[in-house]
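# Structural overview
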Amino acid sequence: MEITVGVLAVQGDVREHLAALASLGAEAIPVRRPSEVAAVDGLVIPGGESTVMDKLVRAFELREPLVRRIAEGLPVYGSCAGMIMLADRIADGRPDQQTLGGLDITVRRNAFGRQVDSFETELDYAWSDPEALAPAGPVHAVFIRAPWVEQAGPDVQVLARVGHGPAAGRIVAVRQGNLMATSFHPEVGADRRIHAEFVSIVREHRLQQSAARQSPEREDTA
């Protein structure tokens with residue numbers, strides 16, 4: 001089944017996500033207009049600067065269409081700043097900062113430090129279907145001024161935590177329904193398993209929608 005996956009293209013590392021999605025067979029398009037929000041089967045919110053992204057989303061009149069589609073079940077994956085945009089709560093957000101919400105998590109911006117504190121590490125990751133995402137093994141994660149999850153609600157599945165070092169145990173990847181988020185940037189490397197996992201979520205959601213539309217309405221026969 002053909003799917004269209006958008007990448008929110010107001011700010012951040014848009015090109016890398018578009019390339020990753022296209023390599024997996026999805027039609028990948030930049031999203032800058034409300035009409036484009038309406039046209040996609042899934043959406044990626046890239047890394048960048050969450051406060052700038054928030055202001056631009058509002059300036060381009062994208063906020064309401066995005067919030068509405070997320071509430072309707074649109075599959076969305078957020079990396080780094082994208083995780084912040086999907087969080088219901090920010091521990092240290094600016095007074096006027098807004099998020100799109102959807103994930104029952106509290107995030108802390110720049111939790112690992114400044115740009116000079118960026119680092120790479122290997123993470124154990126909880127794949128929904130490990131056999132479909134061979135080769136198995138840890139995810140090489142690149143953290144750049146990254147957030148972490150300080151609190152996750154009961155319906156949030158924790159996919160990965162930092163394994164060692166000062167931040168050991170911190171949550172850096174989550175999923176809740178059709179929403180996924182990582183603190184790190186899988187688009188900067190060659191490992192496409194995170195994107196493949198998300199594309200799988202988008203395809204499954206599209207199949208469910210198609211089945212619901214094709215199913216005849218039940219008639220009550222008293």
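Residues numbered from 1 in each chain as written. Predicted model: local features only at pLDDT ≥ 70, side-chain atom pairs only at ≥ 80, totals over all residues. Heavy atoms only, no water.

### Side note on the overall build of the chain
Looking only at helices and strands, the chain features six helices and twelve strands. Whereas a compact globule of 222 residues would reach a radius of gyration of roughly 17 Å, the chain reaches 17 Å, a difference of no more than 12%. The dimensions of the chain, computed from C-alpha atoms along their principal axes, are 65 × 45 × 35 Å. Within the chain, buried positions represent 48% of all 222 residues. Sequence-distant contacts in the chain: of pairs separated by 6 or more residues, those separated by 24 or more amount to 66%. Separation between the mean location of the 23 positive side-chain charges and that of the 30 negative ones in the chain comes to 5 Å. (Helix = DSSP H or I, 4+ residues; strand = E, 2+ residues; numbered from the N terminus. Rg over C-alpha atoms; globule rule 2.2 N^0.38 Å. Buried < 20%, exposed > 50% of the residue type's maximum accessible area, 1.4 Å probe, protein only. Contact = heavy atoms within 4.5 Å. Lys, Arg positive; Asp, Glu negative; His and termini not counted. Charge placed at Lys NZ, Arg CZ, Asp CG, Glu CD.)

### What to know about helix α1 (residues 14-23)
Listed as buried for α1 are Val14, His17, Leu18, Ala20 and Leu21. Projected down its long axis, α1 carries its buried residues within an arc of 165°, all on one side. More than 90 degrees from the buried face of α1, the exposed residues found are Arg15 and Ser23. As for α1, its buried residues are in contact with β1 (4-8), β2 (27-31), β3 (42-45), β4 (76-79) and α6 (193-214). (Arc of directions from axis to C-beta.)

### Let's talk about the pattern of salt bridges
Following the criterion strictly, the structure yields nine salt bridges and no others. Between Arg63 and Glu64 there is a salt bridge, with the nearest N and O atoms lying 4.0 Å from each other. The residue Glu150 makes a salt bridge to Arg108 at a minimum N-O spacing of 2.5 Å. A residue pair is termed long-range when its members are at least 10 positions apart, and Glu150 in strand β9 (residues 148-152) and Arg108 in strand β6 (residues 103-108) qualify at 42 residues. On the basis of relative accessibility, which here comes to 33%, the residue Glu150 falls in the partly exposed class. (Salt bridge = Lys/Arg side-chain N within 4 Å of Asp/Glu carboxyl O.)

### Details of the packing of aromatic side chains
Under the criterion given, the structure shown has seven aromatic pairs. The interplanar angle of 55° and the centroid separation of 5.3 Å between the aromatic rings of Phe112 and Phe119 together place this pair among those described as tilted. A residue is classified by how much of its surface remains accessible, and Phe119, at 26% relative accessible area, is partly exposed. Relative to Trp148, the ring of Phe112 has its centre 5.0 Å away and its plane inclined at 85°; by these criteria the two rings are edge-to-face. Of this pair, Phe112 sits in the loop between β6 and β7 (119-123) while Trp148 sits in strand β9, and the two are 36 residues apart along the sequence. What makes Phe112 buried here is its relative accessible area of 15%. Residue Trp148 is classed as buried on the basis of its relative accessible area, which comes to 11%. Here the aromatic residues Phe112, Phe119, Phe143, Trp148 and Phe184 are joined through ring pairs into a cluster of three or more. (Phe/Tyr/Trp six-rings, centres within 6.5 Å; stacked < 30°, edge-to-face > 60°.)

### Regarding the side chain of Glu197
One can find Glu197 in helix α6. No salt bridge is formed by the buried Glu197. Its closest oppositely charged neighbour is Arg175, at 4.9 Å. Side-chain polar atoms of Glu197 contact the side chain of Ser128, separated by 3.0 Å. (Polar contact = N/O pair within 3.5 Å; in protein donor to acceptor, adjacent residues only side chain to side chain.)

### Comments concerning the environment of Leu18
Position of Leu18 relative to the elements: it lies in helix α1. It is 22 Å that separates the C-alpha atoms of Leu18 and Thr51, two residues lying 33 residues apart in sequence. If near-sequence neighbours (up to four positions away) are discounted, Leu18 is found in contact with Val7, Ala28, Ile29 and Pro30.

### Observations regarding the side chain of Glu187
Within the secondary structure layout, Glu187 lies in the loop between β12 (179-182) and α6. Despite its burial, Glu187 pairs with no opposite charge; the closest candidate is Arg192, at 7.4 Å N-O. Of note is the side chain of Glu187, whose polar atom sits 3.3 Å from the side chain of His17. Within the structure, Glu187 has its side chain in polar contact with the side chain of His185 (distance 2.8 Å). In contact with Glu187, not counting residues within four places along its chain, are Asp13, Glu16, His17, Ser79, Arg192 and His195.

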